[in-house]
Amino acid sequence: MKTKRIIMIIAIILVIVLIGLVGYTIYQKATFTKQNPVATMEIEGIGTMKIELYPDQAPNTVANFITLANRGFYDGLTFHRIIKDFMVQGGDPNGDGTGSAKISNLKDDGEDTKYTIKGEFSANNVKNTVKMEEGTLAMARSDYTKKSSSLTEESYNSGSCQFFIVTKAASYLNGQYTGFGKVIQGLDVVHKIEEVEVKAADTSSETESSSNSEASTPVNPPKITSIRVETNGVDYGLPETLTPFDYTSWMYKQYGIDPSSLSTTTTV
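Residues numbered from 1 in each chain as written. Predicted model: local features only at pLDDT ≥ 70, side-chain atom pairs only at ≥ 80, totals over all residues. Heavy atoms only, no water.

**Some thoughts on a nonpolar patch on the surface**
Next, step 1: Together, Met 8, Ile 12 and Ile 16 line one region of the surface with nonpolar side chains, adding up to about 320 Å² of accessible area.
Next, step 2: Checked against the element boundaries, Met 8 lands in helix 1 (residues 2-31). (Patch = residues over 30% accessible without salt bridge, like charges linked within 9 Å, V, L, I, M, F, W, Y side chains within 5 Å. Areas by Shrake-Rupley, 256 points an atom, 1.4 Å probe, with all protein chains shown as cover. Salt bridge = Lys/Arg side-chain N within 4 Å of Asp/Glu carboxyl O. Helix = DSSP H or I, 4+ residues; strand = E, 2+ residues; numbered from the N terminus.)

This is how it looks when you write it as structure tokens:
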């Protein structure tokens, strides 16, 4: 009889403990506030900035940026295009606006082929309320519509790894580019970058950039020492990728232009 009573008491205690654990778990979930990931970008000889990323606005773009950054993709790359009172653009492995990332940059067993991601902005039927204002981090992309208005979708989904930081509000870009973060510390560093001496862009080759004759190419491009993202314990996974639009082949079919003479520039 005494043994049964002891067993019953132990069972009651276990039930109470179990209820307590379940209740605590529910409480934790109810009160948990997920912190946005924060990227730390170090610029050689200029300074460090911190950028809060917005996975709720552009989840795939954020996943892409985090993966590339934390795998060291951006280390040693530069800001290759600078337009004062507009934006600074960087993240191109070629250093001239024509480069893009490869699947192998996202994962160790990935193919050595280029990729793009879907543009997450309203013009591309994706809800994103991030405004292009001072300090906004956004994805750069190509604009093939300068050759044909039929290439809107190809233009919208041409971003890969290049990004830009707005230095002065550009509301005309709202809904046209993927804004996915904002500088929360070190905005002065961004403005120091835009003060770097620039020269006219090289116009010796045909490109898809509207900046062919603009003074936007840095004499000494600011170098990105590193970009690392603190995810606060959240795994944002790998981005969904797309097969890039083959612009050179399209141009050849349309106009008979030798593909080897063409290069495409990812721009704003």
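And the narrative resumes.
**Digging into the pattern of salt bridges**
Next, step 1: Scanning all chains against the criterion turns up five salt bridges.
Next, step 2: With its nearest N and O atoms 2.8 Å apart, the salt bridge here joins Arg 228 to Asp 75. One end of the pair, Arg 228, is in strand 10 (residues 224-230); the other, Asp 75, is in the loop between helix 2 (59-70) and strand 3 (79-83), and 153 residues separate them in sequence.
Next, step 3: Exposure remark for Arg 228: the relative accessible area of 36% places this residue in the partly exposed category.
Next, step 4: Between Asp 112 and Lys 102 there is a salt bridge, with its nearest N and O atoms 3.5 Å apart. Of this pair, Asp 112 sits in the loop between helix 3 (103-106) and strand 5 (136-139) while Lys 102 is found in the loop between strand 4 (87-90) and helix 3, placing the two residues ten residues apart along the sequence.
Next, step 5: Under the relative-accessibility criterion, Lys 102 is labelled partly exposed at 28%. (Buried < 20%, exposed > 50% of the residue type's maximum accessible area, 1.4 Å probe, protein only.)

**With respect to unusual backbone geometry**
Next, step 1: Within the chain, Asp 85 stands out as a residue other than glycine whose phi angle is a positive 65°.
Next, step 2: With respect to the helices, strands and loops of the structure, Asp 85 is situated in the loop between strand 3 and strand 4.
Next, step 3: Although it is not a glycine, Asn 125 sits at a positive phi angle of roughly 65°.
Next, step 4: Looking at the secondary structure, you find Asn 125 in the loop between helix 3 and strand 5.

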